[in-house]
Amino acid sequence: MSIVTCIAPINIAVIKYWGKKDDNLNLPINDSISATLDTEHLCAKTTVIISPDFKEDKIWLNGSEQTMDNRRLQNCLQEMKKRSQLSEEMKNWKIHICSENNFPTAAGLASSAAGYACLATALAKLHKVEGDISGVARVGSGSACRSIYGGFVRWYMGTDPQGCDSIAKPIVSASHWPEMRILILVVSDSQKKVPSTTGMRRGVLTSKFLKNRAENIIPARIEEMHKAIVDKNFEFFAELTMKDSNNMHAACVDTYPPCVYMNDVSYLIVDLVHTYNAISNNTKIAYTFDAGPNATLYLLEKDVAKFTGVLNHYFPPAENVDVEYQKGIPIEPVRPSEDTLEKLNLTKHLPGKLKYIIHTRIGDGPKQLSGKNVHLLNEHGLPIKL
């Protein structure tokens, strides 16, 4: 028997990946850049175990058993077996996999990225594979390749038809920009109506706007973002982040039929951010939305307490709800002054528009856990908890 357990982070793109030139290999139509978030607050955890005693392959995801005939899953398993350093006998042992997230799944919070990055890392440890594994994570979920590294990461779309050069590489480490903070505003933890894969396929087939984005907008923008990160130029970073989020969602709406991932609350958050930046005479907050209604805000540590006070004023938490509203790094919000509220001149919303807030930072890549009580599967290859 051989068992490995790993955790892996989510990543939130600041220059988005949207659209594929090869669905099977998850080859993107443009480069992308993301920030890896701290696993202390958001992560996937995966245990993999192989044994000669297992009769068949099995997988459990977030407490329920799933089918093993998922094409992406099989692609990952086969790709890792090709590079395996195990004996031929061990390579053919059946595998049991158990994975869970500590955040909403399929709600636009990059759950598949964390999940497949975690699976690829655990399989690599299990099979004693060395070298870059971002390409293996990519065949499971495109953006998973970026979660293989910490800090800020760039995924190069590559030119090889088989995807050999479609890999992720780190731009800077997690320690490069220690002042950077992230607020994730969870508007909805329900599964999205149109899966990302469906939305991307629809966009590539029907949207000239998306084609123009990939060919004429992203190439220059990706280099500008790369430089803004290296230079720690927050204002330029923030402007590019928001413009690219808007651009991606405009492409989604230009798709036929349209894919609408943001909702009314999402747009209220957008309005608050732009208004707050305007009265500050400085770009202090940047929003970005993946394929879902939940907002990810980038800001510097010095602005967290003051902005959170404003956020709590306009989006007060629901009352009498048994949910921790503020998760992650503790915050002591600063109550906004009457002068600030007068300048903002926005409508205060009913309690409960936001389900909860996660305050986090830039983090490192996946890691293997050690110890007796870290695994999700017991010695018989069955989930310890269901």
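The present account deals with the structure reproduced in this document. (Residues numbered from 1 in each chain as written. Predicted model: local features only at pLDDT ≥ 70, side-chain atom pairs only at ≥ 80, totals over all residues. Heavy atoms only, no water.)

## Section: the overall build of the chain
Counting its secondary structure elements, the chain contains 10 helices and 17 strands. For 386 residues, the compact-globule estimate of 2.2 N^0.38 gives 21 Å, and the chain sits close to it at 21 Å. Every one of the 386 residues in the chain was classed for burial, and the buried ones make up 56%. Excluding contacts between residues fewer than 6 apart, the proportion of contacts in the chain whose partners are at least 24 apart in sequence is 79%. As displayed, the chain has an accessible area near 17200 Å², and 49% of this comes from carbon and sulfur atoms. Between the centroid of the 44 positive side chains of the chain and the centroid of its 42 negative side chains there is a distance of 2 Å. (Helix = DSSP H or I, 4+ residues; strand = E, 2+ residues; numbered from the N terminus. Rg over C-alpha atoms; globule rule 2.2 N^0.38 Å. Buried < 20%, exposed > 50% of the residue type's maximum accessible area, 1.4 Å probe, protein only. Contact = heavy atoms within 4.5 Å. Areas by Shrake-Rupley, 256 points an atom, 1.4 Å probe, with all protein chains shown as cover. Lys, Arg positive; Asp, Glu negative; His and termini not counted. Charge placed at Lys NZ, Arg CZ, Asp CG, Glu CD.)

## Examining the nonpolar core
Membership of the largest hydrophobic core comes to 94 residues, with the highest contact counts inside it found for Phe-152, Phe-237, Ile-269, Leu-297 and Leu-354. Counting residues per element, this core draws most heavily on helix 3 (residues 111–127), at 10 residues. Other than its neighbours up to four places away in sequence, Leu-297 contacts Arg-181, Ile-182, Leu-183, Leu-185, Ile-269, Val-273, Ile-285, Ala-286, Tyr-287 and Phe-307. Core analysis: the second largest hydrophobic core is formed by 17 residues, Trp-155, Leu-210, Ala-251 and Tyr-261 among them. (Core = buried A, V, L, I, M, F, W, Y, C linked by side-chain atoms within 4.5 Å.)

## A word on helix 1 (residues 71–82)
Taking 1.5 Å of rise per residue, 12 residues should cover 16 Å, and helix 1 covers 17 Å from first to last C-alpha, within 8% of that figure. Within the span of helix 1, buried status applies to Arg-72, Leu-73, Cys-76, Leu-77 and Met-80. Burial along helix 1 is one-sided: seen end-on, the buried residues are contained in an arc of 135°. On its buried side, helix 1 packs onto strand 3 (20–22), strand 7 (58–61), strand 9 (94–101), helix 3, helix 4 (134–140) and helix 5 (196–206). A side-chain oxygen of the first residue of helix 1 lies 2.9 Å from the backbone nitrogen of Arg-72; this N-cap is Asn-70. (Expected span 1.5 Å × (residues − 1). Arc of directions from axis to C-beta. Polar contact = N/O pair within 3.5 Å; in protein donor to acceptor, adjacent residues only side chain to side chain.)

## Thoughts on the sheet that holds strand 16 (residues 356–361)
Taken in spatial order, the five strands line up as 13-14-12-16-15 in an open sheet, and their pairing is mixed. Sheet topology places strand 13 (285–289) and strand 15 (326–328) at the edges, where each strand pairs with a single neighbour. Sheet twist, expressed as the average angle between the axes of neighbouring strands with direction ignored, equals 25°. As paired strands, strand 12 (residues 180–186) and strand 14 (residues 295–300) are joined by six bridges and run antiparallel to one another. Within the sheet, the bridge partner assigned to Leu-183 lies in strand 14 and is Leu-297. Here helix 7 (residues 234–254) sits on the sheet and contacts strand 12, strand 13 and strand 14; the angle it forms with strand 13, its principal contact strand, is near 25°. (Pairing = 2+ DSSP bridges. Axes fitted to C-alpha atoms, helices over the stretch in contact; angles between N-to-C directions.)

## Some details on the side chain of Arg-221
Mapped onto the elements of the fold, Arg-221 is located in helix 6 (residues 208–231). A residue is classified by how much of its surface remains accessible, and Arg-221, at 13% relative accessible area, is buried. Non-local contacts of Arg-221, meaning those with residues more than four positions away in its chain, are made with Ile-15, Arg-213, Leu-240, Lys-243, Asp-244 and Asn-247.

## A short note on the sheet that holds strand 17 (residues 367–368)
Pairing is mixed across the open sheet formed by six strands, whose spatial order is 8-7-9-6-1-17. Where the open sheet ends on each side, the last strands, each with one partner, are strand 8 (64–66) and strand 17. Judged from the eight bridges that link them, strand 1 (residues 2–9) and strand 6 (residues 43–51) form a sheet pairing that is antiparallel. Paired with Ile-7 across the two strands is Lys-45, which belongs to strand 6. Its contacts with the sheet place helix 3 against strand 1, strand 6, strand 9 and strand 17, and it is angled at close to 145° to strand 1.

## Regarding the packing of helix 1 against helix 3
With their axes 10 Å apart at the nearest point, helix 1 and helix 3 run at an angle of 30° to one another. Classified by the angle their axes make, helix 1 and helix 3 are roughly parallel. As helix 1 packs across helix 3, the resulting crossing turns out to be right-handed. Along the contact surface, helix 1 presents Arg-72, Leu-73, Cys-76, Leu-77, Met-80 and Lys-81, while helix 3 presents Tyr-116, Leu-119, Ala-120, Leu-123, Ala-124 and His-127. Here the contact of helix 1 with helix 3 is built from residues that sort into nine nonpolar, one polar and two charged. (Parallel < 35°, antiparallel > 145°, perpendicular 65-115°, else oblique. Left-handed = near helix turned anticlockwise from the far one by under 90°. Nonpolar A, V, L, I, M, F, W, Y, C, P; charged D, E, K, R; others polar.)

## Overview of the pattern of salt bridges
Evaluation of the coordinates by the stated rule reveals 19 salt bridges. The partner of Arg-154 in a salt bridge is Glu-223, and the shortest N-O contact between them spans 2.9 Å. Taken together, the residues Arg-154 in strand 10 (residues 152–155) and Glu-223 in helix 6 connect sequence positions 69 residues apart. (Salt bridge = Lys/Arg side-chain N within 4 Å of Asp/Glu carboxyl O.)

## A look at helix 3
Working note: α-helix, 3.6 residues per turn, so residues spaced by three or four point in the same direction. With 17 residues, helix 3 ought to run about 24 Å at 1.5 Å a step, and its terminal C-alpha atoms sit 24 Å apart, in line with that. With 15 of 17 residues buried, helix 3 lies mostly within the body of the structure. Within two residues after helix 3, Lys-128 carries a phi angle of roughly 60°, on the positive side.

## Points about unusual backbone geometry
With omega at -10°, the peptide bond leading from Tyr-256 into Pro-257 counts as cis. Mapped onto the elements, Pro-257 comes out in the loop between helix 7 and helix 8 (264–280). Unlike most non-glycine residues, Asn-26 shows phi in positive territory, near 55°. When you line up the elements, Asn-26 lands in the loop between strand 3 and strand 4 (27–28).

## Overview of the packing of aromatic side chains
According to the stated counting rule, one finds 10 aromatic pairs in the structure shown. Residues Tyr-17 and Trp-155 carry aromatic rings whose centres are separated by 4.6 Å and whose planes lie at 65° to one another, so their mutual orientation is edge-to-face. Of this pair, Tyr-17 sits in the loop between strand 2 (11–15) and strand 3 while Trp-155 sits in strand 10, and the two are 138 residues apart along the sequence. Comparing Tyr-17 with Trp-155, the two get one shared label, buried. Ring-pair connections join several aromatic residues into one group, and the members of that group are Phe-152, Trp-177, Phe-234, Phe-237 and Tyr-298. (Phe/Tyr/Trp six-rings, centres within 6.5 Å; stacked < 30°, edge-to-face > 60°.)

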